[in-house]
Structure formats: C-alpha cells, structure tokens
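These are the residues of each chain, in order.
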Amino acid sequence: ETLKMYEELGDKWLKGEKTDDKTLHTTLQFYNVIVLASLFCKSFSMVAYFTCKAVQLSLHRGLCERTPLTLLQFTSIVTKDDNA
C-alpha cells in the first residue's frame, strides 16, 4: 500500500518544500519511538506497521525534519522483507 502511494506521487514528492506542520513532526517522532521500541521487543510486524504509517503520513502531509529517518526505516523494512 505504501509503495503504491509512493509510485503514484513519484519523485516530485521528494522535491517538495519542507512543511512546518507541528502535528506531522510530533506524529512522526512518536511513530519513530514506537518503531525503535518494537525493534528492541523484536516485534517485526509492529515495526513494519508503524514505519509504513509514518511514510504514508509524510506522503500525504509533506516533508519535515523527521522524514529522512522515516525513509531509512522504511528502506530497512523493504529490504528485510525481500521486496526490493
């Protein structure tokens, strides 16, 4: 689902302007903390779920300073799941 959303938007999404949306920033920060906690608990399904939700939120709302970490986490999920 997340990869399809990205394919629809293409690279123009990455060239967009940075948003100052505080809700986006706070939500991505929250998702990133959940992902890190899930990694320690070895719950891969939770890591994948919250990482995908964070990327989807960035795709809808735009880029912020938390987006690069979210994309790195998403890349890790995709390559670990052999979808690359």
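Residues numbered from 1 in each chain as written. Predicted model: local features only at pLDDT ≥ 70, side-chain atom pairs only at ≥ 80, totals over all residues. Heavy atoms only, no water.

Caption draft 1: View of the overall build of the protein chain. Across its full length, the protein chain carries four helices and zero strands. In the protein chain, the succession of helices and strands from N to C terminus is α-α-α-α. Against the 2.2 N^0.38 benchmark of 12 Å for 84 residues, the protein chain shows a C-alpha radius of gyration of 12 Å, consistent with a compact globule. Dimensions along the principal axes, computed over C-alpha positions, put the protein chain at roughly 35 × 30 × 15 Å. (Helix = DSSP H or I, 4+ residues; strand = E, 2+ residues; numbered from the N terminus. Rg over C-alpha atoms; globule rule 2.2 N^0.38 Å.)

Caption draft 2: A look at the layout of surface pockets. Taken as a whole, the largest pocket spans an internal volume of roughly 160 Å³. What lines the largest pocket is simply Val-35, Leu-36, Ser-38, Leu-39, Lys-42, Ser-43, Phe-44, Val-47, Gln-73, Ser-76, Ile-77 and Lys-80. Those elements that place two or more of their residues in the lining of the largest pocket are helix H2 (22-40), helix H3 (44-61) and helix H4 (67-80). Looking at the lining of the largest pocket residue by residue, the class counts come to six nonpolar, four polar and two charged. (1 Å grid on protein atoms, 1.4 Å probe; cavity = no way out; pocket = protein on both sides within 12 Å on 5 of 7 lines; lining within 4 Å. Points joined across faces, edges and corners; volume = space filled by probe spheres on them. Nonpolar A, V, L, I, M, F, W, Y, C, P; charged D, E, K, R; others polar.)

Caption draft 3: View of a nonpolar patch on the surface. Taken together, the side chains of Leu-36, Leu-39 and Phe-40 make up a nonpolar region of the molecular surface, amounting to roughly 360 Å² of accessible area. Structurally, Phe-40 can be placed in helix H2. The class of Phe-40 is exposed, set by a relative accessible area of 74%. (Patch = residues over 30% accessible without salt bridge, like charges linked within 9 Å, V, L, I, M, F, W, Y side chains within 5 Å. Areas by Shrake-Rupley, 256 points an atom, 1.4 Å probe, with all protein chains shown as cover. Salt bridge = Lys/Arg side-chain N within 4 Å of Asp/Glu carboxyl O. Buried < 20%, exposed > 50% of the residue type's maximum accessible area, 1.4 Å probe, protein only.)

Caption draft 4: How the structure looks around the side chain of Ser-58. Inspection of the secondary structure puts Ser-58 in helix H3. The buried category is assigned to Ser-58, whose relative accessible area is 1%. With sequence-adjacent residues up to four places away left out, Ser-58 is seen in contact with Trp-13, Leu-24, Leu-28 and Thr-67. (Contact = heavy atoms within 4.5 Å.)

Caption draft 5: Focus on H2. With 19 residues, H2 ought to run about 27 Å at 1.5 Å a step, and its terminal C-alpha atoms sit 27 Å apart, in line with that. When H2 is considered as a whole, its buried residues turn out to be Leu-24, His-25, Leu-28, Tyr-31, Asn-32, Ile-34, Val-35 and Ser-38. The inward-facing, buried residues of H2 contact H3 and H4. Looking one or two places after H2, you find Lys-42, whose phi comes out positive at around 60°. (Expected span 1.5 Å × (residues − 1).)

These results come straight from atomic positions and should not be treated as a statement about function.
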